[in-house]
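Descriptive structure summary
Here are the chains, one letter per residue:
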Amino acid sequence: MFKFAAAVALAGALFSGVAVAQPAKPTVVLVHGAFADSSSWNGVVEILRKDGFQVVAAANPLRSVSSDAAYVSDVVGSIAGPVVLVGHSYGGQVISTAANGHDNVKSLVYVAAFAPEPGESVADLAGKFPGGTLAGALAAPVKLSPGGVDLYIDHAKFHDQFASDVPAEQAALMAAAQRPITEAALTEKSGEPAWKKLPSWFVYGTGDKNIPAAALGFMAERAGSKRTVVVDGASHVVMVSHPQKVAELIEEAAK
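These lines cover the structure that appears in this document, whether it is placed above or below. (Residues numbered from 1 in each chain as written. Predicted model: local features only at pLDDT ≥ 70, side-chain atom pairs only at ≥ 80, totals over all residues. Heavy atoms only, no water.)

1. Observations regarding helix α3 (residues 65-77)
Residue pairs spaced three or four apart in an α-helix point in one direction, given the helix's 3.6 residues per turn. Filter applied, for reference: For the purposes of this entry, the term helix denotes a DSSP run of H or I that reaches at least four residues, the term strand denotes a run of E that reaches at least two, and both are numbered from the N terminus. How far a helix is expected to stretch is found by multiplying one less than its residue total by 1.5 Å. A contact between two residues is defined here by any heavy atoms of the two lying within 4.5 Å.
The end-to-end C-alpha distance of α3, which contains 13 residues, comes to 18 Å, matching closely the 18 Å that a straight helix rising 1.5 Å per residue would cover. At its buried positions, α3 is contacted by β1 (27-31), β2 (55-58), β3 (83-88), α4 (91-98), β4 (105-111) and α8 (183-187).

Written out as structure tokens, the structure is:
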């Protein structure tokens, strides 16, 4: 009996200082949309990193759905371990395609983002419900030498249209640094979306003027959203004005 008790005590002493291995947290890949850039995720990145997540804010080229999705797919393919794929605006269509064929993508998060069915484009969905005012806020198109045009938001209209709940000084910097999108990307039809196979989460604001809240709610319900967070009064850049709410939903999707 004494020998057995001593053996138990010795085993306890040996293993008391050994930490139990915890599963690695997923890497969060953030994909911005049109008229934004990777810095639009800065507030969210800061929170996620503080909470122990590895984060990649991909530079979405905004040239075409197929080429943009191929680029993001390559980014995802370079990451060992599980991934949570997050898209803003047009980036939602990109992640819906980019996640296909990657077993390590465990969940999708749509941040004021499009979640199209096969055969739908961003332009189709933006006009499905009334309330969007983006068309009237665009600057004159920039003609591209290979053909087609780039689209920008008029700097004078950017704050009200895109980021109404962001301080004016910050919105002015965002307007100057905005990334254009080709008109062709907005009209390109979607293929089979990954949200039909993967769990998804949605967050958007009621003050969104790029994508009407009714359209965003429709897409969330259609995709079977695990949880939808609606932020009262938030603009199209809800991740800039409410990074905590967006980060919390991403972390929920990562569990």
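2. Here we look at the sheet that holds strand β7 (residues 181-182)
To keep it simple, the criterion reads: Between any two strands, at least two bridges found by DSSP are needed for them to pair.
Spatially, β5-β6-β7 is the arrangement adopted by the three strands of the open sheet, whose pairing is antiparallel. Strands with a single pairing partner mark the edges of an open sheet, and in this sheet they are β5 (142-143) and β7. Strand direction decides the pairing type here: β5 and strand β6 (residues 149-151), joined by two bridges, are antiparallel. Paired with Val142 across the two strands is Asp150, which belongs to β6.

3. Side note on the side chain of His236
Here His236 is to be found in the loop between β9 (228-231) and α10 (238-241). Residues within four places of His236 in sequence aside, it is in contact with His88, Ser89, Ala112, Phe162, Asp208, Asn210 and Ile211.

4. Here's the deal with the side chain of Gln178
Considering the arrangement of structural elements, one finds Gln178 in the loop between α7 (168-177) and β7. If sequence neighbours within four positions are ignored, Gln178 has contacts with Phe35, Tyr152, Ile153, His155 and Phe158.

5. Remarks on the environment of Glu183
As for its position among the elements, Glu183 is in helix α8. The sequence separation of Glu183 and Val149 amounts to 34 residues, and the corresponding C-alpha distance is 6.0 Å. Excluding its chain neighbours within four sequence positions, the residues that come into contact with Glu183 are Val149 and Leu151.

6. Some details on the pairing of β4
Under the convention used in this document: Burial status follows relative accessibility: with a 1.4 Å probe on protein chains alone, a residue under 20% of its type maximum counts as buried, one over 50% as exposed, and anything between as partly exposed. When the strands point away from the viewer, a crossover counts as right-handed if the route from the first strand across the helix to the second turns clockwise.
Of all seven residues making up β4, six are buried, and the element is well covered by its neighbours. Here β3 runs beside β4; their pairing, made up of six bridges, is parallel. Across the sheet, the residue bridging to Leu85 is Leu108, located in β4. Considered for its hand, the β-α-β crossover made up of β3, α4 and β4 is right-handed. Judged from the four bridges that link them, β4 and strand β8 (residues 200-205) form a sheet pairing that is parallel. Within β8, the residue paired with Val109 across the bridge is Trp201.

7. A closer look at the packing of α3 against α4
Inclusion rule: Every angle, taken between N-to-C directions, lies between 0 and 180 degrees, and every axis is a line fitted to C-alpha atoms, over only the stretch in contact when it is a helix. For classification purposes, angles smaller than 35 degrees are called roughly parallel, those larger than 145 roughly antiparallel, those between 65 and 115 roughly perpendicular, and all remaining angles oblique. Note on convention: near helix rotated counterclockwise from far helix by under a right angle means a left-handed crossing. Clockwise means right-handed. Residues are grouped as follows: Ala, Val, Leu, Ile, Met, Phe, Trp, Tyr, Cys and Pro are nonpolar; Asp, Glu, Lys and Arg are charged; all remaining types, including Gly, are polar.
Across the interface, α3 lies against α4 with an axial gap of 8 Å and an inter-helix angle of 60 degrees. Taken as axis vectors, α3 and α4 run oblique relative to one another. Where α3 crosses over α4, the handedness of that crossing is right-handed. Every residue of α4 that contacts α3 at Val65, Asp68, Ala69, Val72 and Ser73 is listed here: Gln93, Val94, Thr97 and Ala98. Of the residues belonging to the contact of α3 with α4, the class tally is five nonpolar, three polar and one charged.

That is the geometry; function is a separate question.
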